[in-house]
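# Residue-level structural notes
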Amino acid sequence: MAKDAAGQGERDHRTGVRATLPLAVAVVGFGVSFGVLARAAGMGAVAPIVMSSTTFAGSAQFAAASVLNAGGSVATAVVAAVLLNARYAPIGVSVAPSLIGAWWSRFLTAQLVVDESWAIAAEGDGRFNPRVLLGAGITLYVAWVGGTTLGVLFGDVIGDPARLGLDAAFPALFLALLAPQLRSARSKQVALVGAGIGLALTPFAPPGVPIIAASAACLLGWRR
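Residues numbered from 1 in each chain as written. Predicted model: local features only at pLDDT ≥ 70, side-chain atom pairs only at ≥ 80, totals over all residues. Heavy atoms only, no water.

Once that is clear, we can look at the overall build of the protein chain. Across its full length, the protein chain carries 12 helices and two strands. Written out in order from the N terminus, the α and β elements of the protein chain read α-α-α-α-α-α-α-β-β-α-α-α-α-α. Here the protein chain holds 224 residues, and 37% of them are scored as buried. Residue pairs at least 24 apart in sequence account for 72% of intrachain contacts in the protein chain once pairs closer than 6 positions are excluded. Accessible area of the protein chain: about 12100 Å², with a carbon and sulfur share of 70%. (Helix = DSSP H or I, 4+ residues; strand = E, 2+ residues; numbered from the N terminus. Buried < 20%, exposed > 50% of the residue type's maximum accessible area, 1.4 Å probe, protein only. Contact = heavy atoms within 4.5 Å. Areas by Shrake-Rupley, 256 points an atom, 1.4 Å probe, with all protein chains shown as cover.)

Before going further, it helps to examine a nonpolar patch on the surface. The grouping of Trp103, Trp104, Phe107 and Leu108 at the surface amounts to a nonpolar patch, some 540 Å² of accessible area in total. By the element assignment, Trp104 lies in helix α6 (residues 103-110). (Patch = residues over 30% accessible without salt bridge, like charges linked within 9 Å, V, L, I, M, F, W, Y side chains within 5 Å. Salt bridge = Lys/Arg side-chain N within 4 Å of Asp/Glu carboxyl O.)

Taken over all residues, the pLDDT of the protein chain has a mean of 82, while the share at 70 or more is 85%. Between the elements of the protein chain, mean pLDDT differs from a low of 65, seen in helix α10 (residues 169-178), to a high of 94, seen in helix α2 (residues 46-54). Confidence over residues 1-9 falls short of pLDDT 50; this stretch has 20 contacts with residues more than four positions distant or in other chains. (pLDDT = per-residue confidence, 0-100.)

On to helix α8 (residues 130-153). With 24 residues, α8 extends 34 Å from end C-alpha to end C-alpha; this agrees with the ideal 34 Å at 1.5 Å per step. Its side-chain oxygen at 2.9 Å from the backbone nitrogen of Arg131, Asn129 defines the N-terminal cap of α8. (Expected span 1.5 Å × (residues − 1). Polar contact = N/O pair within 3.5 Å; in protein donor to acceptor, adjacent residues only side chain to side chain.)

Take the packing of aromatic side chains next. With the rule as written, the count across this model stands at seven aromatic pairs. Taken together, a centroid distance of 6.5 Å and an interplanar angle of 45 degrees make the contact between Phe30 and Trp144 tilted. Residue Phe30 is located in helix α1 (residues 13-40), and its partner Trp144 is located in helix α8; the two are separated by 114 residues in the primary sequence. A residue is classified by how much of its surface remains accessible, and Phe30, at 28% relative accessible area, is partly exposed. Three or more aromatic residues joined by ring pairs make a cluster, and in this case those are Phe30, Phe34, Phe62 and Trp144. (Phe/Tyr/Trp six-rings, centres within 6.5 Å; stacked < 30°, edge-to-face > 60°.)

It is worth spelling out the packing of α2 against α8 at this point. Viewed as axis vectors pointing N to C, α2 and α8 meet at an angle of 175 degrees, and their least axial separation amounts to 9 Å. Classified by the angle their axes make, α2 and α8 are roughly antiparallel. For the pair α2 and α8, contact is made by Pro48, Ile49, Ser52 and Ser53 and by Tyr141, Trp144, Val145, Thr148, Thr149 and Val152, respectively. Looking at the contact of α2 with α8, its residues break down into six nonpolar, four polar and no charged. (Axes fitted to C-alpha atoms, helices over the stretch in contact; angles between N-to-C directions. Parallel < 35°, antiparallel > 145°, perpendicular 65-115°, else oblique. Nonpolar A, V, L, I, M, F, W, Y, C, P; charged D, E, K, R; others polar.)

At a minimum axis separation of 6 Å, α1 and α8 run at an interaxial angle of 25 degrees. Judged on the interaxial angle alone, α8 and α1 are roughly parallel. The element α1 and its partner α8 pack so that their crossing is right-handed. Among the residues making up the contact of α1 with α8, the classes are represented as 18 nonpolar, 11 polar and two charged. (Left-handed = near helix turned anticlockwise from the far one by under 90°.)

Overall, the coordinates contain two salt bridges when judged by the stated rule. Glu123 is paired through a salt bridge with Arg11; the nearest N and O atoms lie 3.4 Å apart. Here Arg11 lies in the segment before α1 and Glu123 lies in strand β1 (residues 122-124), a separation of 112 residues in the sequence. Of the residues examined, Glu123 reaches a relative accessible area of 21% and is grouped as partly exposed. Linking Asp12 and Arg14 is a salt bridge whose minimum nitrogen-to-oxygen distance equals 3.0 Å.

Turning to α1, a few remarks are in order. The axis of α1 is deflected most strongly, by about 50 degrees, at Leu21, and proline Pro22 appears within four residues downstream. Downstream of α1 by a residue or two, Gly42 has a phi angle that is positive, lying close to 90 degrees. (Bend = angle between axes of the 7 residues up to and from the residue.)

Next comes the structure, spelled out in structure tokens:
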């Protein structure tokens, strides 16, 4: 397979778009759920759309909205979101050497790095195809922001999120993120300890605090 100057294969923007189209359908539905639930949490009509446009991180946005919906403070919601997005630090480091172009081009492309676009753009041997990353990232971004907008605009038509079971989106999201990580005895221990901390604090701790405190279970990873 021919290689370009950056050492990448012939895969291009269209490859990223085609690979993410099936995911984009689900992302739109998830974005609708976030838009509806964010309005129910009192975020208004503009804030959820702005948040999706600038943050572009579903799990962190759901966490922030869930804390606010439960009556938690803005500071607690921000901390919960930051903890969930901490994984993008090593992801960003891994993809940075493969980004090409001027600094502003690399900066904008980096904003499209999410779990799915990162995985699809992987070429192996620690290399990533920036064109595939761009195509996949833009597709997912449009789907996410568009879904959020639909949820915000038509939330009144959809009605009470609990009536449609959309209130289950929060725990379902976190379980979906957790399941693929439970591959070893240590990871299962961390999950159980984190769940135990959260359950123990929920009855009396302020909303959002149990989520933050449960992250302390990750410290088990330091034990040799």
